[in-house]
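# Structural description and commentary
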Amino acid sequence: MESAHMFNRILVAVDPSPSRLTSVRMAGEMARLAGASVHVLHVVAATATLDTVVRLEDDAEARAILDEAVIALRDEGIKADGTLANGLLNDVPALINETAGQFGADLIVLSPHHRGVVAALFNPRVSDIVTHASHMAVLLAPERPAAAGA
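Residues numbered from 1 in each chain as written. Predicted model: local features only at pLDDT ≥ 70, side-chain atom pairs only at ≥ 80, totals over all residues. Heavy atoms only, no water.

### Thoughts on the packing of aromatic side chains
What the rule picks out here adds up to zero aromatic pairs. Here the basic side chain of R9 rests over the ring of F103, its NZ or CZ set 4.0 Å away from the ring centre. (Phe/Tyr/Trp six-rings, centres within 6.5 Å; stacked < 30°, edge-to-face > 60°. Lys NZ or Arg CZ within 6 Å of the ring centre and 35° of its normal.)

Given below as structure tokens:
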């Protein structure tokens, strides 16, 4: 039976940056308000240089990032699970959207990585690509929590 809430299944994509903590916290708050379940995705990114593929983090680091997010959500009473995926940096947005579809997500939560307009033209942000390619709602969590009284 479907819940009467707008969001029943939330995908939160996390990366190694500190902003992942804000994304997980926001996904948890949305899930608590809506009675939703959360699926955490961490893509272990790699880059190709000439004839070599170089992973940007090792298995232990990747597993720790995923487990940290799932445990934080479960500690808040949220039904949560997670998946590790592997892909080249350019494949990350497609992997996020593909996983959201497989999970049946109706909301994707991720954090934008801010950079200058010129840099973004040559290397689009994952959040920009996911937002434009997705057929579901996307919530962009701020990189830093708002300061008290701001």
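### Quick notes on the confidence of the model for the chain
When the pLDDT values of the chain are averaged, the result is 82; 77% of them are 70 or greater. The least confident element of the chain is helix 4 (residues 117-122), whose mean pLDDT is 44; the most confident is helix 2 (residues 59-75), at 96. Low pLDDT, under 50, characterises residues 114-122; the stretch is placed with seven contacts to residues that sit more than four places away or in other chains. Confidence drops under pLDDT 50 across residues 146-150; counting only partners more than four residues distant or on other chains, this segment forms zero contacts. (pLDDT = per-residue confidence, 0-100. Helix = DSSP H or I, 4+ residues; strand = E, 2+ residues; numbered from the N terminus. Contact = heavy atoms within 4.5 Å.)

### Description of the environment of D59
By secondary structure assignment, the location of D59 is in helix 2. Residue D59 is classed as exposed on the basis of its relative accessible area of 51%. A distance of 2.8 Å separates the side chain of D59 from the side chain of R55, its partner in a polar contact. (Buried < 20%, exposed > 50% of the residue type's maximum accessible area, 1.4 Å probe, protein only. Polar contact = N/O pair within 3.5 Å; in protein donor to acceptor, adjacent residues only side chain to side chain.)

### Things to note about the pairing of strand 1 (residues 9-14)
Counting buried positions over the six residues of strand 1 gives five, a clear majority of the element. Where strand 1 meets strand 2 (residues 37-49), six bridges bridge the pair, whose relative direction is parallel. If you follow R9 over to strand 2, its bridge partner there is S37. Here strand 1 pairs with strand 5 (residues 107-110) via three bridges, running parallel. (Pairing = 2+ DSSP bridges.)

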